[in-house]
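Structure assessment
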Amino acid sequence: TRSSALTRTRTTCGYCGVGCALDVLTRDGEVTAVKPAHDGPVNRGHACVKGRFAHGFLRSPERLTRPLLRRGSRLEPVDWPEALDHVARGMRAAIAEAGPDTVAAISSARATNEENYLIQKFMRTVIGTNNVDNCSRLCHSPSAAGLTAAFGLSGGTDSFDDAEHADCLLVVGANPIEAHPVVGARLLQHVLRGARLVVADPRRVGLAEHADVHLRARPGTNVALFNGLAHVLLDEGLADLDFLRRRATGLAELTALLEDYPPGRVSEITGVPVPDLVAAARLYGRAERPAIIYGLGVTEHLHGTDGVRTLSNLAILRGAVGTGRGYGVNPLRGQNNVQGASDMGALPDLLPGYAAVGDPAARARAERVWGVPVPRTAGLRIPEMFAAARAGDLRVLWVVGEDVCATDPDTNLVVAALEACPLVVCQELFLSETARHADVVLPAASWLEKDGTFVNFDRRFQRVRPALSPPGQARTDFAIVQALAATLGADLGCPTPAAALAECGRVAPVFGGISHQRLDQEGALAWPCPDAGRPGTGKLYLDRFATADGLAHLAALPYLPPGESPDGDYPFILVTGRRWAHYNSGSMTRRTGNLRLDPADRIDVNPADAARHAVRDGDPVTVESRHGRATLNARITDETAPGQLFCAFHFPASRVNALTSGHADTVTSCPEYKVTAVRLSPG
Ligand code: SF4
């Protein structure tokens, strides 16, 4: 038989939030190669080992190809009508017996914008609840809250391209060389061309080797560190007083607060030597065009939103945001579409485009488009969904494309929640840890089998196009939501992803100028883009900030300690994060050749601590916290500071998140993954 012709499909990487444009080559229903697109707006011909090579999972024999229904202790294959009917009956019964707020959905950063739009519309209009959330709750919800409070919108303040005009980069709580490799490479090249670099991270991350100053503050002390930097900026006359007078508010309160944060005191709290703190403040403060880029090391804390606010203070003090100079304050988003999932309103308190469900005008606009009333009280956040399930108050939990039993903190409590919930529905590629606890498992399509759009870390919409058909009976999340609505006798409208994005633009005018047709012609569009006749917006706030008064808001926030601190019983601080070959729970990358590059989670131990505990490289060690226990092999490295440990969570079998705590950001409930008190023992 002759093989068919080679097909080239332009799509967007479904791993991290950089949003690399990829050309996927297929023949006879198989991927033969993935090539980074030379005209990709962010990647410009580059891709990392995940986007380029981690596609073997597509044809893994473990792919789910039929719906599964629990019968006793077993999950048995059934046809779609039986599975959907079971889910629909469970939802109907929960609503009839206890009301719509006993049903909840966790939407997905792995899903497209159009799928997220449809899921939140389903929950609000078919079920009648705002109980919908997405995994930004667990990573960048403090960014959304902090950036909105400081500047008015929830996204980063600039296009990433502007970072390459910066003469000083302040990279905080991020390891882009491993977690966002294409961005990491662009930043490194910029530094090698002469930009100054300050890295603030407890670990000696890749970029730190090239830094002018590396601030290794103790985990959980960010607010003190940022207040200390702000103190030096003001003390040394490095603030832009003209900008502050014209375009900011809150300077008097901040100035008063910062009297409590002289370098000496900040050094005591953070462990950062005074000369390093002062040197970093001078580098950022004297730069013509300074840039702030940050990651989950800022957000995943008990006071993560305070961290975003106090970090934003630095850019406001310097007048380096909303002006021609500088690259504002910009988060590196972790998952491919975590920005878009929130943009589309898969949030319990916000409709598409970040309109509050409590705002009558915003509800009225959505109701005009959807034709039904929108519930007015905020729904449950993800941790609240689990708590409600454990309390017997949640009857149905629908989890779309998230392995919450592997990625959410305090695994034992998450499992208890799923076991207590009468109906758990899981939409997945594989029989994940979460799917094993589900009553119904629906086989879903991957990012290489979908039509729609993603939004990357700098607010750019880009097209996602199917290079292959899903295997067996697997369906896209879009098709599954439509089918479930139809089983419940509802019509969601939006017959195609293109129609869903068009409708979203009517609910949320900030996206009103973006369409599949335009993206097919123009490649990428950054929101806000309300007008089909105009380009999107890379750099925000050049005229005014989007706050009610049009001003940037400085925040006078004191340092408060993290939820846990080391003590005699638990003397180490555990920090969790990512490694370069894998992605989140690893469900896709572990089923590719990347497994050979990084075959297991390891725990990084500083050589001094290893010597004290008689641990050698590769030895098994037991790590215990107040919440659980895990056994991993040690990796001895001075990338991790004495008294601290680091590990990723790519291998559910290592149960790293059994260790992490339920402490969470006081504003947004983002878990404090970056500070858990633990102890270490050999064996
Ligand atoms: Fe690009 Fe991120 Fe995909 Fe790597 S994982 S190819 S950096 S989008």
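Residues numbered from 1 in each chain as written. Predicted model: local features only at pLDDT ≥ 70, side-chain atom pairs only at ≥ 80, totals over all residues.

Going by an unreviewed UniProt entry, the protein carries the name Formate dehydrogenase subunit alpha and comes from Nonomuraea helvata.

Now for the pairing of strand β12 (residues 290–294). Successive residues of a regular strand alternate their side chains across the two faces of the sheet. For β12, a buried count of five out of five residues is recorded, marking the element as mostly surrounded by other parts of the structure. When strand β8 (residues 168–172) meets β12, the two strands line up parallel, connected through five bridges. Residue pairing across strands places leucine 170 opposite isoleucine 292, the latter belonging to β12. Pairing of β12 with strand β13 (residues 327–331) involves four bridges; the strand directions are parallel. Within β13, the residue paired with tyrosine 294 across the bridge is proline 331. (Buried ≥ 20, exposed ≤ 12 C-beta atoms within 10 Å, placed from the backbone. Helix = DSSP H or I, 4+ residues; strand = E, 2+ residues; numbered from the N terminus. Pairing = 2+ DSSP bridges.)

The subject of this paragraph is the pairing of strand β26 (residues 629–636). When strand β24 (residues 602–605) meets β26, the two strands line up parallel, connected through four bridges. Its bridge partner lying in β26, isoleucine 603 is registered against alanine 634. One ladder, built from five bridges, connects strand β25 (residues 620–625) with β26; its direction is antiparallel. Bridge pairing links proline 620 to asparagine 633 in β26. A loop of three residues connects β25 with β26, the two strands running antiparallel in sequence.

With that settled, the discussion passes to the site of the ligand. Around the ligand, 14 residues are found, and the nearest of them are Cys13, Cys16, Cys20, Cys48 and Gly51. Contributions of two or more residues to the shell around the ligand are made by α1 (49–53) and α6 (181–192). Residues that form the shell around the ligand fall into these classes: nine nonpolar, four polar and one charged. When residues of the shell around the ligand are assigned to domains, at least three map to each of domain 1 (7–59) and domain 3 (141–332). (Near = placed C-beta within 6 Å. Nonpolar A, V, L, I, M, F, W, Y, C, P; charged D, E, K, R; others polar. Domains from an automatic or database assignment.)

To continue, consider the domain arrangement of the protein. The domains assigned to the protein are domain 1 (7–59), domain 2 (68–137 + 353–451 + 471–508), domain 3 (141–332) and domain 4 (572–682). Taking the mean C-alpha position of each, domain 1 and domain 3 sit 32 Å from one another. Each side of the interface is counted separately: domain 1 has nine residues, and domain 3 has eight residues. Counted by class, the side of domain 1 that touches domain 3 contains six nonpolar, three polar and no charged residues. (Contact = placed C-beta atoms within 7 Å.)

Hydrogen bonds along the backbone pair up the strands of a sheet, which may run parallel or antiparallel. Here we have five strands laid out as an open sheet, ordered β10-β9-β8-β12-β13, and parallel in their pairing. Each end of this open sheet is capped by a strand with a single partner; those strands are β10 (213–215) and β13. Each strand axis lies, on average, 15° off the axis of its neighbour in the sheet, ignoring direction. Where β8 meets strand β9 (residues 196–200), five bridges bridge the pair, whose relative direction is parallel. Looking at the pairing, valine 171 lines up with valine 199 of β9. Strands in contact with helix α11 (residues 274–286) are β8, β9, β10 and β12; relative to β10, the strand with the most contacts, it is inclined by about 120°. (Axes fitted to C-alpha atoms, helices over the stretch in contact; angles between N-to-C directions.)

Soluble globular proteins tend to bury their nonpolar side chains together. Counting 221 residues, the largest nonpolar core has Leu169, Val198 and Leu229 as the members making the most contacts within it. Among residues more than four places away in sequence, those in contact with leucine 229 are Leu277, Ala280, Ala281, Tyr284 and Leu314. (Core = buried A, V, L, I, M, F, W, Y, C linked by C-beta atoms within 7 Å.)

Here helix α2 (residues 80–98) spans 27 Å end to end across 19 residues, near enough to the 27 Å set by a 1.5 Å rise per residue. Buried within α2 are the following residues: Ala83, Leu84, Val87, Gly90, Met91, Ala94 and Ile95. Down the axis of α2, the sector holding all buried residues measures 125°, keeping them to one side. Relative to its buried face, α2 has exposed residues pointing more than 90 degrees away, namely Pro81, Glu82, Ala96 and Glu97. Phi turns positive, to about 100°, at glycine 99, one or two residues after α2. (Expected span 1.5 Å × (residues − 1). Arc of directions from axis to C-beta.)

Proline 528 follows tryptophan 527 through a cis peptide bond whose omega is 5°. Summarising the element assignment, proline 528 is placed in the loop between β21 (524–526) and β22 (552–553). Of note in the backbone geometry, aspartate 28 takes a positive phi value of approximately 55° without being a glycine. Looking at the secondary structure, you find aspartate 28 in the loop between β2 (21–27) and β3 (30–36). With 12 C-beta atoms packed within 10 Å, aspartate 28 lands in the exposed category. Not every positive phi belongs to a glycine, and arginine 655 is a case in point at roughly 55°.

Turning our attention to the sheet that holds β25. Pairing is mixed around the closed barrel formed by six strands, whose spatial order is β23-β27-β24-β26-β25-β28. Strand after strand, the sheet turns through a mean of 45° between neighbouring axes, direction not considered. Where β25 meets strand β28 (residues 676–682), five bridges bridge the pair, whose relative direction is antiparallel. Across the sheet, valine 623 pairs through a bridge with leucine 680, a residue of β28.

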